[in-house]
Amino acid sequence: MNQSSFRNDKPTIYFVSTPIGNLDDITLRAIKTLKKVDKIYCEDTRVSSKLLAHFDIQKPLFQYHDHNKDVALKHIEKDMTDYLDIAVISDAGTPVISDPGFAIVKTFKKEANIVPIPGVSAVITALSASGLPPHPFMFYGFLPSKTRQRQKLLKSLETKTETLIFYESPHRLSKTLSEMKKIFKKRDIVIARELTKRYEEFIRTDLDHCDDLSPLKGEIVLLVAGYTKPEMPDDLTILEEITQYMNDGLTSKQAIKKCAKRRDLPKNTVYMEYHNN
Ligand code: SAM
């Protein structure tokens, strides 16, 4: 199902990004869009009415949240049959990204144009200035709140080579960091705090030193360097090297091939050395 966003007469649902702190980060297109739509759905009307008042936008605001999802989806369905254009915003940043809104995209992607109005998202803002390899990266969002589920999840990420990005609350940060230290061992991390706001801060450290951190307040993005395989020491014997590859999951045949290639030796020489020991 293709969507030619601006070349049909379907109603449009705009997913409009809003600032994550500094109001100057709103885009001209976001303001224009919010001024022209018929209605705006938001996460919390108290939060969004302040934003709209700041930019002198007078539009009817309706709440859309996970807890009133079914009722709100019915309202949006009616909006679509009435050919209304609507906007969806969240409290801050890009709607849908660790925010309500995904069910709207899923439900109406056939009968409406789903149009993103891009802008700030905390994940990209943090990554761009973190100093960690920007790609590939893996954005996880919020970790599970239950300890066992969280630890299981962290374990499943242990050997991911991508830069890992999480949203985290300040009161759970130190617990998460000590769990990460146990599972990920020594890794560089960056705590990106209060982005775009007066107390913006990037703490670039590693998991070994995170016990020294004083308690942090505010909104936090936590970035963790991806897994890197320890370098193969130069003084290993052929047998030790092959054993190490096999411990990493290679078959003996694959390990012999890899060892021969790394040492620039004929495969047969490595094979004989391995089998004669
Ligand atoms: N949709 C938003 C986005 O595009 O980034 C994210 C919404 S999520 C409900 C809120 C979380 O995003 C916060 O708990 C925090 O982890 C992160 N966040 C939002 N604003 C932030 C900021 N100014 N500085 C650091 N992290 C922020």
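Residues numbered from 1 in each chain as written. Predicted model: local features only at pLDDT ≥ 70, side-chain atom pairs only at ≥ 80, totals over all residues. Heavy atoms only, no water.

## Some details on the sheet that holds strand β5 (residues 113-117)
Moving on, step 1. Across the sheet, which stays open at both edges, the five strands sit in the order β3-β2-β4-β1-β5 with parallel pairing between neighbours. Only two strands of the sheet have a single neighbouring strand rather than two, namely β3 (61-63) and β5. If you compare each strand with its neighbour and ignore which way they point, the axes differ by 25 degrees on average.
Moving on, step 2. As defined by bridge partners, strand β1 (residues 12-16) adjoins β5 across five bridges and the pair is classed as parallel. Residue pairing for β5: Y14 is matched across the bridge by V115.
Moving on, step 3. Running at roughly 155 degrees to β3, helix α2 (residues 45-54) makes contact with β2 (39-42) and β3 of the sheet. (Pairing = 2+ DSSP bridges. Helix = DSSP H or I, 4+ residues; strand = E, 2+ residues; numbered from the N terminus. Axes fitted to C-alpha atoms, helices over the stretch in contact; angles between N-to-C directions. Contact = heavy atoms within 4.5 Å.)

## Some words on the packing of helix α8 (residues 238-247) against helix α10 (residues 267-275)
Moving on, step 1. Packing of α8 against α10 brings their axes to within 9 Å, and their N-to-C directions diverge by 90 degrees. In terms of axis orientation, α8 runs roughly perpendicular to α10. Only V270, E273 and Y274 of α10 make contact with α8, whose side of the interface consists of I238, L239, I242 and M246.
Moving on, step 2. Of the residues in the contact of α8 with α10, the class split is six nonpolar, no polar and one charged. (Parallel < 35°, antiparallel > 145°, perpendicular 65-115°, else oblique. Nonpolar A, V, L, I, M, F, W, Y, C, P; charged D, E, K, R; others polar.)

## Re the nonpolar core
Moving on, step 1. F166, M180, F184, I191 and L222 are the most contacted members of the largest nonpolar core, which totals 20 residues.
Moving on, step 2. Listing elements by their share of this core, those giving two or more residues are α6 (147-156), β7 (163-168), α7 (173-184), β8 (188-193) and β10 (220-224).
Moving on, step 3. At five residues, α7 tops the list of elements feeding residues into this core.
Moving on, step 4. If we ignore the near neighbours within four places in the chain, the residues touching F166 are Y140, G141, L143, L154, L157, M180, I220, V221, L222 and V224.
Moving on, step 5. The next biggest cluster of nonpolar side chains, apart from the first, holds 17 residues, and it includes I57, A87, V115 and I117. (Core = buried A, V, L, I, M, F, W, Y, C linked by side-chain atoms within 4.5 Å. Buried < 20%, exposed > 50% of the residue type's maximum accessible area, 1.4 Å probe, protein only.)

## Thoughts on the pairing of β2
Moving on, step 1. Residues K39 and Y41 of β2 are buried on one face, and the alternating residues I40 and C42, pointing to the opposite face, are buried as well.
Moving on, step 2. The sheet contact formed by β2 and strand β4 (residues 86-88) spans three bridges and is parallel. Bridge pairing links Y41 to V88 in β4.
Moving on, step 3. Bridge count between β2 and β3: three bridges; the pairing is parallel. Within the sheet, the bridge partner assigned to Y41 lies in β3 and is F62.
Moving on, step 4. With α2 bridging β2 and its parallel neighbour β3, the resulting β-α-β unit is right-handed. (Right-handed = clockwise from strand over helix to strand, strands pointing away.)

## Looking at the side chain of R172
Moving on, step 1. Secondary-structure assignment places R172 in the loop between β7 and α7.
Moving on, step 2. Separated by 3.4 Å, the side chain of R172 and the backbone oxygen of L143 make a polar contact.
Moving on, step 3. For R172, the contacting residues outside a window of four places in its chain are L143, P144, S145 and R150. (Polar contact = N/O pair within 3.5 Å; in protein donor to acceptor, adjacent residues only side chain to side chain.)

## A word on the domain arrangement of the chain
Moving on, step 1. Annotation of the chain at the domain level lists domain 1 (12-120), domain 2 (123-224) and domain 3 (238-275).
Moving on, step 2. The C-alpha centroid of domain 3 is placed 58 Å from the C-alpha centroid of domain 1. (Domains from an automatic or database assignment.)

## A closer look at the site of the ligand
Moving on, step 1. Taken together, the neighbourhood of the ligand is formed by 19 residues, with D99, S121, A122, Y167 and I220 sitting nearest.
Moving on, step 2. Between the ligand and I97, the relevant distance is 2.8 Å, taken from a nitrogen atom to a main-chain nitrogen or oxygen of the residue.
Moving on, step 3. A distance of 2.7 Å separates an oxygen atom of the ligand from a polar side-chain atom of S121.
Moving on, step 4. Relative to its unbound accessible area of 580 Å², the ligand is 90% covered by the protein chains. (Near = heavy atom within 4 Å. Areas by Shrake-Rupley, 256 points an atom, 1.4 Å probe, with all protein chains shown as cover.)

## Thoughts on unusual backbone geometry
Moving on, step 1. P136 follows H135 through a cis peptide bond whose omega is 0 degrees.
Moving on, step 2. Among the secondary structure elements, P136 is positioned in the loop between α5 (122-130) and β6 (137-142).
Moving on, step 3. Non-glycine residue Y83 carries a positive phi angle of around 60 degrees.
Moving on, step 4. The topology assignment puts Y83 in the loop between α3 (69-81) and β4.

## Considerations on the packing of helix α9 (residues 252-263) against α10
Moving on, step 1. Contact geometry for α9 and α10: axes closest at 9 Å, N-to-C directions at 125 degrees. What the angle tells us is that α9 and α10 run oblique. Where α9 crosses over α10, the two elements pack in a sense that is right-handed. Along its contact with α9, which presents S252, I256, K257, C259 and A260, the element α10 presents K267, V270, Y271, Y274 and H275.
Moving on, step 2. Within the contact of α9 with α10, the residues separate by chemical class into six nonpolar, two polar and two charged. (Left-handed = near helix turned anticlockwise from the far one by under 90°.)

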